[in-house]
Amino acid sequence: MTFKRRDFLAASAAMAGIAGLGIRPGFAQAAEPVYTPEEGASLRLLRWSPFVQGDEDAWLANTKKFTEATGVEVRVDKESWEDIRPKAAVAANVGSGPDMVMCWFDDAHQYPDKLVDLTELATYLGDKYGGWYDGMKGYATRDDKFIAMPLTAIGNAVVYRQSHMEAAGFKEFPKDTAGFLELCKALKAKGTPAGFPHGKAVGDGNNYAHWLLWSHGGKMVDEKGVVSINSKETIAAINYAKQLYETFIPGTESWQDINNNRAFLAGQVSLIANGVSAYYAARKDPALAEIAADMRTTNFPIGPVGESVELHQTSSLLLFSHTQYPEAAKAYIKFMMEADQMNAWITGASAYCCQPLKALANNPIWTADPIHAPYARASETLRPNGYAGPLGYASAGVMADYVLVDMFAAAVTGQMTPEDAAIEAERRANRYYRV
């Protein structure tokens, strides 16, 4: 969507809008950066397609406010989750395309030299709003510089049918992986199975695979960045995944991010892992009222490692150095990250998007519905995908290449033994970590 540039802004209105952006005259405070959009500036942002319509609606409404305040036209394009990563990489490599992209995880680390340094702006925002959550900051920083702006964590939680769980003989949702497996077996026996993606799903596939690995104490690399995926902990995680997979609805090895939503809302499965989007899709459809009323959410069960370990889909806003209008772009990012706009976005997204700044955690959306509770601390609790080593080109490459997702998929479907799958994952990961 494109918001048209205003022909003229009355002086008083312009001053009010510009003040709100921190684009101030000579009396600007030193702690607040000043960004004056270039003459004739226009911008293009590439974002991921929404699973909750209110997310996009609120983002576009905020963008319209920015245009009305500055006259800067902003075109907001969207692509599927799977297409964001390759399109951003192409733009970085050819030096043209969108000015800004809502990227995934540590993708910015694949081409840090193609990005505008946002340290000044990020420092200001962090100081003003109680600091950044560590996990989100890690995705957006390299060598103590912000190569992107932390934007949001899209919480992932177990979504299930309460009545189906009870029919399977469980009064409460299991808190550990052993009990979780027994629940999935019982659900299958009742004809109301679970389903988790083993396909190349940017969000749900990665979230599930990393939970499987980490809950059993496995990790892709150690603290020094040495590949350590081929371990007894990884084999234990794979063997557990094989048992779970046997309880699933057929076909999950090809599921993308949308498939578990569809299967759950069609009544084909009774237990998935998803953002809050599945709940709101059911809420808005009168035909799904019974499912919506029966839905419950909880965090993933705890495995042998003894603590909650979850990935959570994470997005940062990056600005390419090929932009013709860096000052306008930084003014836009600043405007969108300020509390009024961020809170409106978080509220509009109905708990789908979790705040990156600690001071925004008191948004009332998190307590507006019990369904929201497992998503409320996604930004605070997420573990970066590069654990336990540093984030960078290697961690980003391994995730973009779906090394971990493919390892589990190959083993659970019988294409490889658990041992061979771990060896292959080790070989593929070393291609990145030895560069």
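**Overview of the overall build of the protein chain**
Item 1. A count of helical and extended segments in the protein chain gives 18 helices and ten strands.
Item 2. Relative to a compact globule of 435 residues, whose C-alpha radius of gyration would be 22 Å, the protein chain shows 22 Å and is just as compact.
Item 3. With the C-alpha coordinates aligned to their principal axes, the bounding extent of the protein chain is approximately 70 × 55 × 35 Å.
Item 4. Taking all 435 residues of the protein chain together, 59% fall into the buried category.
Item 5. Across the protein chain, contacts joining residues at least 24 apart in sequence account for 77% of those joining residues at least 6 apart.
Item 6. When the accessible surface of the protein chain is summed, it comes to about 17100 Å², and 50% of that surface belongs to carbon and sulfur atoms.
Item 7. Positive and negative side-chain charges in the protein chain, numbering 41 and 50 respectively, have mean positions lying 1 Å apart.

**What to know about the pattern of salt bridges**
Item 1. Tallying each qualifying case throughout the model produces 21 salt bridges.
Item 2. A salt bridge links Glu56 to Lys78; the shortest N-O distance between them is 3.0 Å. Of the two residues, Glu56 sits in helix α2 (residues 53-70) while Lys78 sits in strand β2 (residues 73-79), which places them 22 residues apart along the sequence.
Item 3. The closest approach of N and O atoms between Asp107 and Arg85, which form a salt bridge, is 3.0 Å. Of this pair, Asp107 sits in the loop between β3 (100-104) and α4 (119-128) while Arg85 is found in helix α3 (residues 81-94), placing the two residues 22 residues apart along the sequence.
Item 4. Classification of Asp107 by relative accessible area gives buried; the value is 1%.
Item 5. Linked through salt bridges whose partners overlap, the residues forming this network are Glu32, Lys128, Lys334 and Glu338.

**With respect to the nonpolar core**
Item 1. With 148 residues, the main nonpolar core has Met149, Leu244, Leu271, Tyr332 and Phe408 as its most contacted residues.
Item 2. A total of eight residues in this core trace back to one element, the largest contributor, which is helix α13 (residues 326-337).
Item 3. The contacts of Tyr332, once residues within four sequence positions are left out, are Leu43, Leu45, Trp59, Thr63, Phe66, Val74, Val76 and Met100.

**Structural notes on the confidence of the model for the protein chain**
Item 1. Of the residues in the protein chain, 93% have a pLDDT of 70 or more, and the chain-wide mean is 93.
Item 2. This stretch, residues 1-30, has a pLDDT under 50; its non-local contacts, to residues over four places away or in other chains, come to 54 contacts.

**Points about the sheet that holds strand β8 (residues 271-274)**
Item 1. Strands sit in the order β8-β7-β9 across an open sheet of three strands; the sheet is antiparallel. Bordering the open sheet on either side are β8 and β9 (295-298), each of which pairs with just one other strand. Strand-to-strand twist of the sheet, defined as the mean angle between neighbouring strand axes without regard to direction, takes the value 30 degrees.
Item 2. Pairing analysis gives four bridges linking strand β7 (residues 157-161) to β9, with the strands arranged antiparallel. Looking at the pairing, Val158 lines up with Thr298 of β9.

**Thoughts on α3**
Item 1. Taken together, the buried positions of α3 are Trp81, Ile84, Arg85, Ala88, Ala91 and Ala92. End-on, the buried residues of α3 take up no more than an arc of 135 degrees, which puts them together on one face. Among the exposed residues of α3, those oriented more than 90 degrees off its buried face are Asn93 and Val94.
Item 2. A positive phi of about 75 degrees marks Gly95, the residue just after α3.

**Points about the packing of aromatic side chains**
Two measures describe an aromatic ring pair: the distance that separates the ring centres and the angle between the ring planes.
Item 1. Considering all chains together, one arrives at 25 aromatic pairs under this definition.
Item 2. Taking 4.8 Å as the distance between ring centres and 45 degrees as the angle between the ring planes, the aromatic pair formed by Trp81 and Trp104 counts as tilted. Taken together, the residues Trp81 in helix α3 and Trp104 in strand β3 connect sequence positions 23 residues apart.
Item 3. Trp104 gets classed as buried once you look at its relative accessible area, which sits at 0%.
Item 4. With a centroid separation of 6.3 Å and an interplanar angle of 55 degrees, the aromatic rings of Tyr208 and Phe248 are classed as tilted. Remark: Phe248 occurs in the loop between α9 (232-245) and α10 (259-265) and Tyr208 occurs in helix α8 (residues 204-215); sequence separation between them is 40 residues.
Item 5. Taken together, the ring pairs connect Tyr160, Phe173, Phe180, Phe196, Tyr208, Trp211, Tyr240, Tyr245, Phe248 and Phe300 into an aromatic cluster.

**Let's talk about the environment of Ile258**
Item 1. Within the secondary structure, Ile258 sits in the loop between α9 and α10.
Item 2. Overall, Ile258 belongs to the partly exposed group, its relative accessible area being 29%.
Item 3. For the pair Ile258 and Met337, spaced 79 residues apart in the sequence, the C-alpha separation amounts to 28 Å.

**What about the sheet that holds strand β6 (residues 149-154)?**
Item 1. Overall, mixed pairing links the five strands, which are arranged β2-β1-β3-β10-β6 in an open sheet. If you trace the sheet from one side to the other, it starts and ends with β2 and β6, each paired once. In this sheet, neighbouring strand axes are inclined to one another by 20 degrees on average, regardless of whether the strands run parallel or antiparallel.
Item 2. One ladder, built from seven bridges, connects strand β1 (residues 42-48) with β2; its direction is parallel. When the bridges of β2 are listed, Arg44 appears paired with Arg75.
Item 3. Of the strands in this sheet, β1, β2, β3, β6 and β10 (313-319) are in contact with α13, which crosses β10 at around 145 degrees.

**A look at unusual backbone geometry**
Item 1. Backbone torsion omega between Tyr387 and Ala388 reads 5 degrees, so that peptide bond is classified as cis.
Item 2. Despite not being glycine, Phe105 shows a phi value in the positive range, around 45 degrees.
Item 3. Tracing the backbone shows Phe105 in the loop between β3 and α4.
Item 4. In the Ramachandran plot, His312 falls in the positive-phi region, its phi being about 70 degrees despite a non-glycine side chain.
Item 5. Looking at where His312 falls in the secondary structure, it is placed in the loop between β9 and β10.
Item 6. Among the residues examined, His312 registers a relative accessible area of 1% and is labelled buried.

What counts and what doesn't
Residues numbered from 1 in each chain as written. Predicted model: local features only at pLDDT ≥ 70, side-chain atom pairs only at ≥ 80, totals over all residues. Heavy atoms only, no water. Helix = DSSP H or I, 4+ residues; strand = E, 2+ residues; numbered from the N terminus. Rg over C-alpha atoms; globule rule 2.2 N^0.38 Å. Buried < 20%, exposed > 50% of the residue type's maximum accessible area, 1.4 Å probe, protein only. Contact = heavy atoms within 4.5 Å. Areas by Shrake-Rupley, 256 points an atom, 1.4 Å probe, with all protein chains shown as cover. Lys, Arg positive; Asp, Glu negative; His and termini not counted. Charge placed at Lys NZ, Arg CZ, Asp CG, Glu CD. Salt bridge = Lys/Arg side-chain N within 4 Å of Asp/Glu carboxyl O. Core = buried A, V, L, I, M, F, W, Y, C linked by side-chain atoms within 4.5 Å. pLDDT = per-residue confidence, 0-100. Pairing = 2+ DSSP bridges. Axes fitted to C-alpha atoms, helices over the stretch in contact; angles between N-to-C directions. Arc of directions from axis to C-beta. Phe/Tyr/Trp six-rings, centres within 6.5 Å; stacked < 30°, edge-to-face > 60°.

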